[in-house]
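# Results of the structural survey
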Amino acid sequence: MKKRNLISLLSAGACALAFAMPVHAEDYSNTDAWVARCSQPQSSADGVKACQAFQDYQQQRYDQLQEDIKQYSKDIASLEEDTDKMEQLAKTQKELQEQLEGQIQEKESAIQKIEEEIKALEQKIQEKQEEIDAWDEQIKSRMQNEQSSTGTNMLIDLVMGSQDLNDMLRRLSGIERITEDDQHQIEQLNELKEQLDLQKSEQVRLEEETKSQQDQLKSQQQQAKELEESYNQLVEQYEQQMAQLQAAKRAAFNDIESIRSNMISVSYSGTLVNVAGFVSPITGGRMSAGTWAYPGGGLHLGMDYAVPIGTQVVAPADGVILYANNPAPSNGGYLGNWTGYPYGGGNTIEMVCMVNGTTYAVSFAHLSREGFAVSAGQIVSQGQAIALTGNSGNSSGPHCHIEVYNLGNMSLEEAVSRFSSSADFAWGTGWNSTATACENGYSTPCRERPEKFFG
């Protein structure tokens, strides 16, 4: 065996030993940083081991999420008309969806980074191979030149080919000169070869990781679609029970002092400015549920605008704010979240106004905590920004719920007095029936379809 090959073999053995080192425990809490780190080719065996351990950690996260989704699917399949279970499953679904979307984003980011790194790595491998070939040829040529003068082509010549002791010493002297002259270059060449081997193995690792990520990504994208579909079905079932839930929760309210600081003062006095017509409080979006029923069934006493969180809400007419409070997170809504007043409304506003000589109360629910621009007792002008839309309280997604009450010829003073004494957003019309609708001939106060004015 040639001396150069012996050195290469020893180097390869050292490299293999390094790869066999045990994996050290790491903190993977900063997942984004680890994804970025391991989407690149590693420059050391320790780096490779750390990334392999991170891949194992990611696989465990993926496997655990799969188990959670399977359990959720089993629970959905066994669901009947149990509203408490619906609320819990809806909350679980949102948590699973957030985890799933987070893993999908991680995979999309990692795949893009890995594909970019593989392209760059291919170029580096080509350049490294060319450099190694040049060095290999140079060292081989120099050794052959030295060997031709000493007659030492193979190490076996030292034992079998020497004519006498002087001849052996001459040959050993030649080998020593080769070692002295070329040892540094041989060491550098071995380092280059180790780097090349690592780069090639990293290319394989990254390609395998890309394939694995792509397979999981496709599966998780389908799961996300199925989760959304099951959630929509769950919401539909829940909405069919919503009226009874709301009526029970809101009828139980008896602590008016707890919300007094967010209500208009009973001593407020003034007059309402009459305007010729309403303007739409929200621009854009779509009506996701109308009055008096949800699309899938179930009583719905207002109109829902499905719009992104942070969409501006304006006063539909000149008026006075009767109630305004924003105790809930802007995007913290889920089924069974009864935060806010009326219960489940999240961040809410109630105002009174006069349009074409008729007094109306208009309420807004599930608003954003941020951008809350009014307070109780404040006079607002038609078109003035009063809030932003959100997903707060007992809400299944970003939207704004609007209700309109016809108060007839009620004066501002009477409206303030009545609201201050009762805190009744529904103005005596209740929460569990369409019987108090104006279109059904019910006397004022009665419920109007918001679509009549804002559709």
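Up top you'll find the structure we're talking about.
Quick caveat: nothing in here was measured; it's all calculated off a predicted structure.

Rules of the game
- Residues numbered from 1 in each chain as written.
- Predicted model: local features only at pLDDT ≥ 70, side-chain atom pairs only at ≥ 80, totals over all residues.
- Heavy atoms only, no water.
- Disulfide = S-S within 2.5 Å.
- Buried < 20%, exposed > 50% of the residue type's maximum accessible area, 1.4 Å probe, protein only.
- Salt bridge = Lys/Arg side-chain N within 4 Å of Asp/Glu carboxyl O.
- Helix = DSSP H or I, 4+ residues; strand = E, 2+ residues; numbered from the N terminus.

All right, on to the state of the cysteines then. This model, assessed by the stated rule, comprises two disulfides. There is a disulfide in this structure between Cys438 and Cys446, and the S-S distance comes to 2.0 Å. The chirality of the disulfide connecting Cys438 with Cys446 is right-handed, given an S-S dihedral of about 95°. One exposure class covers both Cys438 and Cys446, and it is buried. Here the cysteine-cysteine linkages of the chain are recorded as 1-2, 3-4, numbering only bonded cysteines and doing so in sequence order.

Following the criterion strictly, the structure yields seven salt bridges and no others. When the shortest N-O distance is used, the salt bridge between Arg61 and Glu106 registers 3.0 Å. Residue Arg61 is located in helix H3 (residues 45-77), and its partner Glu106 is located in helix H4 (residues 83-150); the two are separated by 45 residues in the primary sequence. When its relative accessible area of 14% is taken as the criterion, Glu106 is described as buried. Residues Glu439 and Arg449 are paired through a salt bridge, measuring 2.9 Å at the closest nitrogen-oxygen approach. Here Arg449 lies in the loop between strand S13 (446-448) and helix H8 (451-454) and Glu439 lies in the loop between helix H7 (412-422) and S13, a separation of ten residues in the sequence. Of the residues examined, Glu439 reaches a relative accessible area of 49% and is grouped as partly exposed.

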